[in-house]
Amino acid sequence: QVQLVESGGGLVQAGGSLRLSCAASERTFSNYGMGWFRQAPGKEREFVGAISRSGAFTYYADSVKGRFTISRDNAKNTVYLQMNSLKPEDTAVYHCAASVGVPADERRYDYWGQGTQVTVSS
């Protein structure tokens, strides 16, 4: 059982930056690809991006490409989501998730964090 805990959310003005962290309890963290998802009020959860087990491969949703960056530190069992040039439409609860691969399909993720709120004011 992998436990994931997100942190780093908050309120930021449009154009600002935030860095989210997701800490994993599992020492075999490096065995998992990690994804970030978000869910805005009244909307379905959507894929943000994912990173491979080694960190060598990342990919992103078109809506965040060029603004968001995912990285990981396997020695610290932590994955990060650096968010720059934030827009009001980025407002959502952000979740990290663990999978044996790096899918965009949330159904293929086995473990989820509870999420952290990001609010971007205009």
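Just so we're clear, the structure is a prediction, and the values are computed from it rather than from any experiment.

(A) Quick look at the overall build of the chain. Within the chain, the secondary structure is distributed over 0 helices and 11 strands. Element order for the chain, N to C, with α for helix and β for strand: β-β-β-β-β-β-β-β-β-β-β. Computed over C-alpha atoms, the radius of gyration of the chain comes to 13 Å, within 12% of the 14 Å expected from 2.2 N^0.38 for 122 residues, which places it in the range of a compact globule. Seen through its principal axes, the chain has C-alpha atoms that stretch 40 × 25 × 25 Å. Across the 122 residues in the chain, those meeting the buried criterion constitute 45%. Taking the intrachain contacts of the chain between residues at least 6 apart in sequence as the baseline, contacts between residues at least 24 apart amount to 57%. When the accessible surface of the chain is summed, it comes to about 6300 Å², and 45% of that surface belongs to carbon and sulfur atoms. Once the 13 positive and 11 negative side-chain charges of the chain are each reduced to a mean point, those two points are 5 Å apart.

(B) Up close: the pairing of strand β3 (residues 18-24). The buried count for β3 comes to 5 of 7 residues, which makes it a mostly enclosed element. Summarising the sheet, strand β1 (residues 4-7) and β3 pair through 4 bridges and their orientation is antiparallel. Among the inter-strand pairings, E6 is bridged to a residue of β3, identified as C22. In this sheet, strand β8 (residues 78-83) lies alongside β3 in antiparallel orientation, the contact comprising 6 bridges. Within the sheet, the bridge partner assigned to S21 lies in β8 and is Y80.

(C) Layout of the sheet that holds strand β7 (residues 68-73). Pairing within the open sheet is antiparallel, and its 4 strands lie in the order β1-β3-β8-β7. Where the open sheet ends on each side, the last strands, each with one partner, are β1 and β7. This sheet shows a mean twist of 15° between the axes of neighbouring strands, independent of strand direction.

(D) Spatial organisation of the pattern of salt bridges. Following the criterion strictly, the structure yields 6 salt bridges and no others. Among the salt bridges present, the one from D90 reaches R38, with a minimum N-O distance of 2.9 Å. Taken as a pair, D90 in the loop between β8 and β9 (92-99) and R38 in strand β4 (residues 33-39) lie far apart in primary sequence, 52 residues in all. In this pair, the class of D90 matches that of R38, namely buried. Here R67 and D90 are joined by a salt bridge, their closest N and O atoms 2.7 Å apart. With R67 in the loop between β6 (58-60) and β7 and D90 in the loop between β8 and β9, this pair connects stretches of sequence that are 23 residues apart. Neither R67 nor D90 differs from the other in exposure class; each is buried. Each of R38, E46, R67 and D90 takes part in a single network of salt bridges with overlapping partners.

(E) Inspection of the side chain of S99 at higher detail. In this fold, S99 is placed in strand β9. S99 sits in the buried class, given a relative accessible area of 2%.

(F) Seen up close, the nonpolar core. Counting residues in each nonpolar core, the largest one holds 35 residues, and the members touching the most others are L4, M34, W36, L81, M83 and Y94. Among the elements that make up this core, the one with the highest residue count is β9 (5 residues). Among all residues touching M34, those that are not within four sequence positions of it are L4, C22, F29, G49, A50, I51, R72, V79, A97, A98 and Y109.

Calculation criteria
Residues numbered from 1 in each chain as written. Predicted model: local features only at pLDDT ≥ 70, side-chain atom pairs only at ≥ 80, totals over all residues. Heavy atoms only, no water. Helix = DSSP H or I, 4+ residues; strand = E, 2+ residues; numbered from the N terminus. Rg over C-alpha atoms; globule rule 2.2 N^0.38 Å. Buried < 20%, exposed > 50% of the residue type's maximum accessible area, 1.4 Å probe, protein only. Contact = heavy atoms within 4.5 Å. Areas by Shrake-Rupley, 256 points an atom, 1.4 Å probe, with all protein chains shown as cover. Lys, Arg positive; Asp, Glu negative; His and termini not counted. Charge placed at Lys NZ, Arg CZ, Asp CG, Glu CD. Pairing = 2+ DSSP bridges. Axes fitted to C-alpha atoms, helices over the stretch in contact; angles between N-to-C directions. Salt bridge = Lys/Arg side-chain N within 4 Å of Asp/Glu carboxyl O. Core = buried A, V, L, I, M, F, W, Y, C linked by side-chain atoms within 4.5 Å.

These results come straight from atomic positions and should not be treated as a statement about function.
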